[in-house]
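# Remarks on the overall topology
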Amino acid sequence: MKVAGFTIIRNAVKYDYPVVEAINSILPICDAFYVGVGNSEDETKKLIENINSDKIKIIDTIWDDNLRVGGHVLANETNKVFDAIPKEFNWCFYIQSDECVHEDDLNTIKTAMQNNLLNKNINGLLFKYKQFYGQYNYIGVGRRWYANEIRIIRNDKSIRSYKDAQGFRFTNNTKLKVKNTNAFIYHYGWVKPPKAQQAKQQNFHKMWHDDNWVNENVKKNEEFDYSNIDLLEIYKGTHPLVFKSRIKNADWEFIYNSKFVKTNFKYKFLYFIEKLTGWRIGENKNYIEV
């Protein structure tokens, strides 16, 4: 069994993306790792070149900034890198630049790939999600957060990155059949210093909307307002070791007071049912779980 990791990144330094931590978190179970480095305004390429591993393969790309509707540029870039992975690899492990895997889950993930290697009915592998917000000790539990997504796919080029690169489907829009690894992706996209988060948001929305929409809907504050959030819980687990330095240096203040959270009754009720039974009513699944 051969495994290729892959990701895309642009302006990692400028917008404080933890892409090095993302790559290093799954590098031990990858035989090679392909990184699509987009045309950047900073030292992103040097950042990737400084990863101490001969597994790293850099693919220089030019992002099409005209593909702004729906974040399609992200899927387009993801497909570029996926298509560059040679046929010799059986599984392709996609990780986004603000995601991470806990070292305690690596053996579980490797076993899932091995156990499903010969079962051609399985097109990919599913992960559960831990969605962090504001600071590293808070985790999102409301309905706004997706709970599962595909992150490992077969090296089948009829599989394509879907919409804004959140998941994958076949070229004919058919959903992939997947097995759940029962491992977790730790998502840190909403944990940054407030100034860095604000800069990221102003840039990020440009991949979905035109300039007029961005100007009207994205506040031009110096710092991001983390208070506009619904349901969070205190996180009592551990974080991946590769994030140790970032967590140690996270010196900004984030205060969450559930008394001031504005969540409508419907979503509070649905969350209550999910908490009680584990059933997420009405969840839109971008896959077929086998």
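For the structure itself, consult the block above.
The structure contained in this document is the topic of the report that follows. All of these numbers come straight from a predicted model, not from anything done at the bench.

### A few points about the nonpolar core
Judged by nonpolar contacts, the single largest core of 34 residues is most densely connected at Ile-23, Phe-33, Ile-48, Phe-93 and Ile-109. Not counting residues up to four positions away in its chain, the partners in contact with Ile-23 are Thr-7, Phe-33, Val-35, Ile-48, Ile-51 and Ile-56.

### Notes on helix 1 (residues 19-26)
Counting buried residues along helix 1, six of its eight residues qualify, which places the element largely inside the surrounding structure. Within the sequence span of helix 1, burial applies to Val-19, Glu-21, Ala-22, Ile-23, Ser-25 and Ile-26.

### Quick look at the pairing of strand 7 (residues 135-140)
The buried fraction of strand 7 amounts to five of the six residues, a majority that puts the element mostly inside the structure. As paired strands, strand 6 (residues 124-133) and strand 7 are joined by two bridges and run antiparallel to one another. Paired with Tyr-133 across the strands is Gln-135, a residue of strand 7. Hairpin remark: strand 6 followed by strand 7, antiparallel, with one residue in the connecting loop; positive phi at Gly-134, about 80 degrees. Note: strand 7 against strand 12 (residues 232-234), three bridges, orientation antiparallel. Residue pairing in the sheet places Gly-140 in a bridge with Leu-232 of strand 12.

### Some points on the pattern of salt bridges
This model, assessed by the stated rule, comprises 10 salt bridges. The salt bridge involving Lys-46 is made with Glu-43; its shortest N-O contact spans 3.7 Å. Judged by relative accessible area, Glu-43 falls into the partly exposed class, the value being 46%.

### So, the packing of aromatic side chains
Taken as a whole and judged by the stated rule, the model has 22 aromatic pairs. Centroid distance Tyr-129 to Tyr-146: 5.0 Å. Interplanar angle 65 degrees. Geometry classified as edge-to-face. Within this pair, whereas Tyr-129 is found in strand 6, its partner Tyr-146 is found in the loop between strand 7 and strand 8 (148-154), the two being separated by 17 residues in sequence. Residue Tyr-146 is classed as partly exposed on the basis of its relative accessible area, which comes to 23%. Site record: aromatic cluster; members linked through ring pairs are Tyr-133, Tyr-138, Trp-145, Trp-190, Phe-224, Tyr-226, Phe-254 and Tyr-256. Lys-2 extends its terminal NZ or CZ atom over the ring of Phe-89, reaching a point 5.0 Å from the ring centre.

### Structural notes on the side chain of Glu-77
Looking at the element boundaries, Glu-77 is found in helix 3 (residues 72-84). A relative accessible area of 1% places Glu-77 in the buried class. Polar side-chain contacts of Glu-77 include one of 2.8 Å to the side chain of Lys-80. Leaving out residues up to four positions away in the same chain, Glu-77 has contacts with Ile-8, Thr-61, Ile-62, Trp-63 and Asp-64.

Cut-off values and rules
Residues numbered from 1 in each chain as written. Predicted model: local features only at pLDDT ≥ 70, side-chain atom pairs only at ≥ 80, totals over all residues. Heavy atoms only, no water. Core = buried A, V, L, I, M, F, W, Y, C linked by side-chain atoms within 4.5 Å. Buried < 20%, exposed > 50% of the residue type's maximum accessible area, 1.4 Å probe, protein only. Contact = heavy atoms within 4.5 Å. Helix = DSSP H or I, 4+ residues; strand = E, 2+ residues; numbered from the N terminus. Pairing = 2+ DSSP bridges. Salt bridge = Lys/Arg side-chain N within 4 Å of Asp/Glu carboxyl O. Phe/Tyr/Trp six-rings, centres within 6.5 Å; stacked < 30°, edge-to-face > 60°. Lys NZ or Arg CZ within 6 Å of the ring centre and 35° of its normal. Polar contact = N/O pair within 3.5 Å; in protein donor to acceptor, adjacent residues only side chain to side chain.

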